[in-house]
Amino acid sequence: MLMVQKFGGTSVGDLDRIQNVANRVQKTVQAGNDVVVVVSAMSGETNKLVGYAEHFSKTPSVAEVDMLLSSGERVTASLLSIALNEMGHPTIAMTGRQAGILTTSKHTKARIEDINPTNMKKALSEGKIVVVAGFQGVNEEGIVTTLGRGGSDLSAVAIAGAIGAQLCEIYTDVDGIYTTDPRIEPHAKKLDKISYEEMLELASLGAKVLQSRSVEMAKKLNVNLVTRSSFSDAEGTLITKEEDIMEQPLVSGVALDRNQARVSLIGVADRPGIAADIFTTLANDEINVDVILQTVAHDGTTNIDFTVPTNELEMAKNIVKIFEERDEIKSADFNESIAKVSIVGVGMKSHAGVAAKAFATMAEENINIRMISTSEIKVSMVIEEKYSELAVRSLHNAFELDK
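Residues numbered from 1 in each chain as written. Predicted model: local features only at pLDDT ≥ 70, side-chain atom pairs only at ≥ 80, totals over all residues. Heavy atoms only, no water.

**Student:** Looking at this structure, I do not really get the pattern of salt bridges. What am I missing?
**Tutor:** It is possible for side chains bearing opposite charge to pair when their charged atoms get close. Following the criterion strictly, the structure yields 21 salt bridges and no others. Here Lys 48 ties to Glu 45 by a salt bridge, and the two come within 3.5 Å at their closest N and O atoms. Residue Lys 48 and its partner Glu 45 are both found in helix H2 (residues 45-56); the two are separated by three residues, about one turn of the helix. In this structure, the salt-bridge partner of Glu 197 is Lys 219, at a minimum N-O distance of 3.4 Å. Linking Glu 197 in helix H6 (residues 196-204) with Lys 219 in helix H7 (residues 212-221), this pair joins segments that are 22 residues apart in sequence. (Salt bridge = Lys/Arg side-chain N within 4 Å of Asp/Glu carboxyl O. Helix = DSSP H or I, 4+ residues; strand = E, 2+ residues; numbered from the N terminus.)

**Student:** What is the right way to look at the environment of Asn 224 in this model?
**Tutor:** Turning to its location among the elements, Asn 224 is positioned in the loop between H7 and strand E11 (225-229). Look at Asn 224 and you get partly exposed, because its relative accessible area is 26%. Along the backbone, Asn 224 and Cys 168 are 56 residues apart, and their C-alpha atoms lie at a distance of 6.2 Å. The contacts of Asn 224, once residues within four sequence positions are left out, are Gln 166, Leu 167, Cys 168, Tyr 196, Leu 238, Ile 239 and Thr 240. A distance of 2.8 Å separates the side chain of Asn 224 from the side chain of Thr 240, its partner in a polar contact. (Buried < 20%, exposed > 50% of the residue type's maximum accessible area, 1.4 Å probe, protein only. Contact = heavy atoms within 4.5 Å. Polar contact = N/O pair within 3.5 Å; in protein donor to acceptor, adjacent residues only side chain to side chain.)

**Student:** Please explain the packing of aromatic side chains as it appears in this structure.
**Tutor:** Geometrically, a pair of aromatic rings is defined through the distance of the ring centres and the angle of the planes. Counting across every chain of the model gives two aromatic pairs. Between the aromatic rings of Phe 7 and Tyr 171, the centroid separation amounts to 4.6 Å while the plane-to-plane angle is 15 degrees, which identifies the pairing as stacked. Remark: Tyr 171 occurs in strand E9 (residues 167-172) and Phe 7 occurs in strand E1 (residues 2-7); sequence separation between them is 164 residues. For the pair Phe 7 and Tyr 171, a shared accessibility class is recorded, and that class is buried. A cation over a ring is seen here: Lys 317 above Phe 334, with NZ or CZ 5.3 Å from the ring centre. Over the aromatic face of Phe 323 sits the side chain of Arg 326, whose NZ or CZ is 4.9 Å from the ring centroid. (Phe/Tyr/Trp six-rings, centres within 6.5 Å; stacked < 30°, edge-to-face > 60°. Lys NZ or Arg CZ within 6 Å of the ring centre and 35° of its normal.)

**Student:** It is not clear to me how helix H8 (residues 274-284) should be interpreted in this structure. Could you clarify?
**Tutor:** Owing to its 3.6 residues per turn, the α-helix aligns residues three or four sequence positions apart on the same side. Among the residues of H8, those classed as buried are Ile 274, Ile 278 and Leu 282. Projected down its long axis, H8 shows its buried positions confined to an angular sector of 70 degrees, all on one face. In this structure, the buried side of H8 is in contact with strand E13 (253-268), strand E15 (302-308), helix H9 (313-325) and strand E16 (329-344). A positive phi of about 60 degrees marks Glu 286, the residue just after H8. (Arc of directions from axis to C-beta.)

**Student:** How do you make sense of helix H10 (residues 354-364) when you look at a structure like this?
**Tutor:** Residues of H10 that are buried: Val 354, Ala 358, Thr 361 and Met 362. One side of H10 holds all its buried residues, which, seen down the axis, span an arc of 100 degrees. Buried residues in H10 make contact with E16, strand E18 (378-384) and helix H11 (388-398). Just past H10, the residue Asn 366 takes up positive phi, approximately 55 degrees.

**Student:** Hey, could you run me through the nonpolar core in this one?
**Tutor:** Nonpolar side chains in soluble globular proteins tend to be buried together. With 43 residues, the main nonpolar core has Val 4, Val 36, Met 120, Ile 159 and Cys 168 as its most contacted residues. In terms of residue count, helix H5 (residues 151-163) provides more of this core than any other element does, seven residues in total. Setting aside chain neighbours within four positions, we find Val 4 in contact with Val 36, Val 38, Ala 156, Ile 159, Ala 160, Ile 163, Ala 165, Leu 167, Cys 168 and Glu 169. If you look at the next biggest cluster of nonpolar residues, it comprises 21 residues, including Val 254, Ala 391, Val 392 and Leu 395. (Core = buried A, V, L, I, M, F, W, Y, C linked by side-chain atoms within 4.5 Å.)

**Student:** Quick question: what am I supposed to make of the environment of Leu 401 here?
**Tutor:** Along the chain, Leu 401 turns up in the segment after H11. Take Leu 401: its relative accessible area is 7%, and that puts it in the buried class. In this structure, the C-alpha to C-alpha distance between Leu 401 and Lys 121, residues 280 residues apart in sequence, is 43 Å. Apart from residues lying up to four places away in sequence, Leu 401 is in contact with Thr 179, Lys 189, Val 251, Ser 252, Gly 253, Val 254 and His 396.

**Student:** Looking at this structure, I do not really get the packing of H8 against H9. What am I missing?
**Tutor:** Each pair of packed helices can be summarised by the angle the axes make with each other and by the distance between the axes. For the pair H8 and H9, interaxial distance at closest approach is 10 Å and the crossing angle is 145 degrees. Crossing handedness for the pair H8 and H9: right-handed. Residues Ile 274, Asp 277, Ile 278, Thr 281 and Leu 282 of H8 pack against Ala 316, Ile 319 and Phe 323 of H9. Split into classes, the residues belonging to the contact of H8 with H9 amount to six nonpolar, one polar and one charged. (Axes fitted to C-alpha atoms, helices over the stretch in contact; angles between N-to-C directions. Left-handed = near helix turned anticlockwise from the far one by under 90°. Nonpolar A, V, L, I, M, F, W, Y, C, P; charged D, E, K, R; others polar.)

**Student:** Help me understand unusual backbone geometry, please; the structure alone is not making it clear to me.
**Tutor:** Only a minority of non-glycine residues have a phi that is not negative, and only a minority of peptide bonds are not trans. You will see that Phe 135, though not glycine, has its phi angle at about 75 degrees, which is positive. Examined against the element boundaries, Phe 135 turns out to sit in the loop between strand E6 (129-133) and strand E7 (136-138). Even without a glycine there, the phi angle at Asn 366 is positive, about 55 degrees. Structurally, the position occupied by Asn 366 is in the loop between H10 and strand E17 (371-375).

Given below as structure tokens:
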């Protein structure tokens, strides 16, 4: 089998852990597989390099920052290659450029446009293990770029698609996808399989195991993705097409996102296009608006409530102030003491009453739902933050996710 294995920063956090990765890769090869390994920088390395840059400049050139940051993954790739060669396995380390990864020119947040797998395929045909420095590529001018948060996962999925790998394994410090955060609900169960669509929802709703960008690419390229632990031999969770999962549970998981703030706009002017103007201005500042609730008062004015990530609230306040100064909003209120709890499951498509059951569960616990957002496979509820963990446990129990 042709496989891609990706190891994150904690998995390669020191020399002993890099040796542990080498041992794991050796087992994979000895089982008869061809392997491309994608590695992150050693944990803490990227922050250290950013600190070096900021010693000289608080606003360093983003192109130079990319050049600097890309070195972290190259160090790990080289060390792993040295370890594997010493163990008797012909191995070659490659930078993003050598692996043929072509990206856009948006420094520190580049997107992969294409991969030319010629060098990797040639090395594999020669019986070599290929170790690729993740998180990086080059633009059309050959200038080094980095892919932003979750970039090494993205590298691995894209490479798996480019070389036609049957499987892409993402190794982290957790052993799979759980029905909810086990730190909140000790009865959380690890899922054997989950669909791309469900994983996308869970990732966007605060589940930290995988970034949405990687799951989106896996779905687009039809790459079977497994997330598992570097520190145990436990089977991980397979992320695959919905039709490849025999028994679809009604609800697959409960997600909690505490990084939410509520913006309430009171007395919004009664004119066509005002809502479009407000949300376009927010979008232009790349503020991610999530749940939106609009109510019309008897006097014709409108109240609009919406949520944004807590770390984007100050930017949102500045934009709201502009509309207040134009007298297009009478007043505004902001609340950071909220959270969003969500249930996700493709089984909802064919079952009525899922939302009603979720709302009833909240009512039984005297938890007031402030805002609601639904999709075909998701129900999200905005509640007071102090009730968030109780809500997660109650929903997990109501939908029998511990069974």
